[in-house]
Amino acid sequence: MAPVPPGIRFLASFNRDQWYKAFTFALTFLLYTSFHLSRKPISIVKSELHKNCSHVMRAPTESISGQQPVLHPELDCSWKPFDRNNYKQLLGAMDYSFLCAYAIGMYLSGIIGERLPIRLYLTVGMLTSGLFTCLFGLGYVYDIHSLGFYVFVQVANGLVQTTGWPSVVTCIGNWFGKGRRGLIMGLWNSHTSVGNILGSLIAGYYVSSNWGLSFIVPGVIIAAMGVICFLFLIEHPNDLKIASAQSSAPSSQKVHKNWNGVNGHKDLYLQYKPGAKTQSWDTELLLGQESIGVCVPVQQQQVVVVKSEAEPSPISFMRALRIPGVVEFSLCLLFAKLVSYTFLFWLPLYITKAAHLDAKKAGDLSTLFDVGGIVGGILAGVISDKMGKRATTCAVMLLLAAPTLYGFSMISQFGLGPTIGMLLVCGGLVNGPYALITTAVSADLGTHKSLKGNARALSTVTAIIDGTGSVGAAVGPLLAGLLSAQGWDQVFYMLMTADFLALLLLLRLVMKEHCSHRKRPGVAVE
């Protein structure tokens, strides 16, 4: 008999639980990648909406009639209404419309998401986001020049995109425990940078020939991912255990009553009877011995335990704010996300002006910032896991980021090589704290011991932290649009100030971590 190939032995070493974990990890990664993929085109298209149309062609009879030079139709390339002198303010208003709606909607999204099935909530959000993203691109197809149209589309898209983050973080939090959470979340959160890179490449491919497709193609992608979400997303591992229990039970003993639980989950759990020799994936102990339940026979070696205590109620907004560390990390994220989103929306335009590159090359070069962000997010997670100090990890990266931003503003004028290097370093230091706070820190605080195991708090805590951060994300690009009119140096001074303020807001938690004698992974806020 031929030996089993080593690759097959490796695959067979994983049980069903681990395969479903990996599947959920990959699926939620791709789902939120499509969210960021659909947000990126506006930053690539900005340089196409307002071009340098200084080339003129004199009329054939100019030397005879003395007529003034007129713009050649092919060279009149700016897209109205962004052809005005205040185009930076108009483009900044576009960013602000999306991000302000996103920030406001985020506070509501977490509360709503706790009360609805995650799979359906996320699916509707992705389908409608695809619709509004395509609508922006259709403005090019149907030659729409109304500022109100584009602002409306941005506001609507910002609102529906708030369905994404609380949903995917809650889902991934349901599947993965606290062990190595920083590393897992750091790897998983690279979807932000991967989405930005793919969005830049897709938008850059079409931007010079038909910028409408720069929006339509990402819109179709996120809508298609919404359909995949509806078909395949598993919200909680208990859903599979319940389905397995009901399918394996004899028809006369199947439980037909629905027991509503968290996010639509059924509060049914499997538990072995005393004396059982082994525990398989289908029959692992999910309730502690102290849990009070009603036992319903299903098979000879297993029972279904139905929790008889009242299900946990959704956490209130004010109670979530009282969780130690939520306010500090939320305000820190406000300034950290201000910096990150200013780069997200304005970096390609800055490279176009500073390095004198066209829109496609600037968009491709800007992806290096996100490549650095992937590395920074993973490093932040690994270091915080090893040290057991989330706030300290964020503080050190913020301290290093501010002078690095100043260096980037200087070095980016000295050629392509130094610019590439500084983009990678800036991306890692800017996105590292942002990634850590929005993922591992949010999951830690959403499962804080003061909640006494209430699993319904994670979505609300995540929404509060990311919603507060989104306020900064809305303000940053708007300020960048206003300050860039006075010179790009003013924009970088604003970004450095924001980094220092984020650092100051974490000092209390940093001191608390260093004064704590318990060295354990997680957030040292109790």
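What counts as what
Within each chain, residues carry numbers counting from 1 in the order of the written sequence. pLDDT decides what is reported in this predicted model: residues at 70 or higher carry local features, side-chain atom pairs at 80 or more are listed and counted, and totals for whole chains, interfaces and linings draw on all residues regardless. Values reported for side chains reflect all heavy atoms of the structure, with hydrogen atoms and water molecules removed beforehand. Per the convention used, a helix needs a DSSP run of H or I reaching at least four residues, while a strand needs a run of E reaching at least two, with both numbered from the N terminus. We call two residues contacting when some pair of their heavy atoms lies within 4.5 Å. Method for areas: the Shrake-Rupley scheme with a 1.4 Å probe, in which residue coverage is limited to the protein chains shown. When accessible area is computed with a 1.4 Å probe and restricted to protein chains, residues below 20% of their type maximum are described as buried, those above 50% as exposed, and intermediate ones as partly exposed. One speaks of a salt bridge when a side-chain nitrogen belonging to Lys or Arg is within 4 Å of a carboxyl oxygen belonging to Asp or Glu. As used here, the term nonpolar core means buried Ala, Val, Leu, Ile, Met, Phe, Trp, Tyr and Cys residues forming a set that is joined through side-chain atoms within 4.5 Å. Any pair of N or O atoms that falls within 3.5 Å is considered a polar contact. Within protein, one atom must be able to donate a hydrogen and the other to accept it, and sequence-neighbouring residues count only if both atoms are side-chain atoms. Only rings of Phe, Tyr and Trp enter the pairing, Trp through its six-membered ring, and a pair is recorded when the two centres are within 6.5 Å. The plane angle decides the type: under 30 degrees is stacked, over 60 is edge-to-face, the rest tilted.

So, the overall build of the protein chain
For the protein chain, the count of helices and strands is 20 helices and three strands. Counting contacts in the protein chain only where the partners sit at least 6 residues apart, residues at least 24 apart contribute 80% of the total. Accessible surface, the protein chain: about 22,900 Å² in total, of which carbon and sulfur atoms supply 66%.

Re unusual backbone geometry
Even without being glycine, D143 reaches a positive phi, approximately 55°. Assignment of secondary structure puts D143 in the loop between helix 6 (118–141) and helix 7 (147–160). On the basis of relative accessible area, D143 is assigned to the partly exposed category, the value being 48%.

Section: the pattern of salt bridges
For the structure on display, the rule yields four salt bridges. With its nearest N and O atoms 3.0 Å apart, the salt bridge here joins D385 to R390. Note on accessibility: D385 and R390 belong to one class, buried.

Re the nonpolar core
General note: in soluble globular proteins, nonpolar side chains tend to be found buried as a group. With 109 residues, the main nonpolar core has W211, F343, F408 and L495 as its most contacted residues. Looking at which element gives the most residues to this core, the answer is helix 14 (residues 326–355), with 15 residues. Every residue in contact with F408, bar those within four places of it in the chain, is listed here: F343, L347, Y350, T419, M422, L423, C426 and F492.

Quick look at the environment of T438
Among the structural elements, T438 can be located in helix 17 (residues 416–446). Sequence separation of T438 and I465 is 27 residues, and the distance between their C-alpha atoms is 7.1 Å. Those residues within four positions of T438 in sequence are excluded, and the remaining contacts are W165, V169, N189, L333 and D466. At 2.8 Å, the side chain of T438 and the backbone oxygen of Y434 are in polar contact. Polar side-chain contacts of T438 include one of 3.2 Å to the backbone oxygen of A435.

Brief notes about the environment of A401
For A401, the location among the structural elements is in helix 16 (residues 390–411). In the structure, A401 is positioned 25 residues away from C426 in sequence and 6.7 Å away in space, judged by C-alpha atoms.

Quick look at the environment of A359
Following the sequence through the fold, A359 ends up in helix 15 (residues 359–387). Overall, the relative accessible area of 10% leaves A359 in the buried class. In this structure the C-alpha to C-alpha distance between A359 and P348, which are eleven residues apart in sequence, comes to 7.3 Å.

Focus: the packing of aromatic side chains
Per the stated rule, a full pass over the model turns up 23 aromatic pairs. A ring pair is formed by Y32 and F35, whose centres lie 5.2 Å apart and whose planes are at 25°; its orientation type is stacked. With Y32 and F35 both in helix 2 (residues 16–39) and three residues apart, this pair spans about one turn of that helix. Using a relative accessible area of 3% as the deciding quantity, one classes Y32 as buried. Residues Y350 and F408 carry aromatic rings whose centres are separated by 5.9 Å and whose planes lie at 50° to one another, so their mutual orientation is tilted. Remark: F408 occurs in helix 16 and Y350 occurs in helix 14; sequence separation between them is 58 residues. Grouping residues by exposure puts Y350 and F408 together as buried.

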